[in-house]
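Next come the chains, spelled out residue by residue.
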Amino acid sequence: MRRALSVASTASVSGDVPIGAVIYAPDGSELATGVNERELTADPTAHAEVVAIRRAAAQLGSWRLSGCTLVVTLEPCTMCAGAIVLARISAVVFGAWDPKAGAVGSLWDVVRDRRLNHRPEVYAGVLEDECGALIRDFFAEHRDGAPTTPS
């Protein structure tokens, strides 16, 4: 999770919400990283998890990420939870809960829905305070009118 926090800190340079994702291969090596790139790319699907999943699939040459672990600083939304299931990711580790949009236990629980053909292991609340603080600080700066990019 510390690696995902480090990755997340690079997102705010572009004005994106600082969420970081890391995908680890079955052998534990780092396969891919992603940060939110919605502002940077004007792509509503460019969430950190989706960016990391795309990069990991390209690295492996396969859409199946069986045996891989996704570590992300914020509970995935419904789109990302669906992508996790479709990519066959074996485990999801997340930091802060997202009571407004979370789909891994908060608002919904997409990844553990018995009607789906794949259900990853879930480890929630890892370094929750640190992950939550990163997002709270980002939004506090935006509410205060502070610049979001260096001048």
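Shown above is the structure to which this text applies.
The structure reproduced in this document is the subject of the present report. (Residues numbered from 1 in each chain as written. Predicted model: local features only at pLDDT ≥ 70, side-chain atom pairs only at ≥ 80, totals over all residues. Heavy atoms only, no water.)

This brings us to the pattern of salt bridges. A complete count under the given rule lists six salt bridges for this structure. Where Arg55 meets Glu37, a salt bridge forms, and the shortest distance between an N and an O atom there is 3.1 Å. One end of the pair, Arg55, is in helix 3 (residues 48–60); the other, Glu37, is in the loop between strand 2 (30–35) and helix 2 (38–41), with 18 residues separating them in the sequence. Using a relative accessible area of 40% as the deciding quantity, one classes Arg55 as partly exposed. Judged by its relative accessible area of 14%, Glu37 is buried. (Salt bridge = Lys/Arg side-chain N within 4 Å of Asp/Glu carboxyl O. Helix = DSSP H or I, 4+ residues; strand = E, 2+ residues; numbered from the N terminus. Buried < 20%, exposed > 50% of the residue type's maximum accessible area, 1.4 Å probe, protein only.)

Time to look at the environment of Gly82. Structurally, the position occupied by Gly82 is in helix 4 (residues 78–86). Residue classification places Gly82 among the partly exposed residues on the basis of a relative accessible area of 21%. Sequence separation between Gly82 and Val50 is 32 residues, and the spatial gap between their C-alpha atoms is 10.0 Å.

Applying the stated criterion across every chain yields a total of two aromatic pairs. Here Phe94 and Trp97 contribute two aromatic rings whose centre-to-centre distance is 4.9 Å and whose plane-to-plane angle is 90°, an arrangement assigned as edge-to-face. According to the relative accessible area criterion, Trp97 is partly exposed, its value standing at 35%. (Phe/Tyr/Trp six-rings, centres within 6.5 Å; stacked < 30°, edge-to-face > 60°.)

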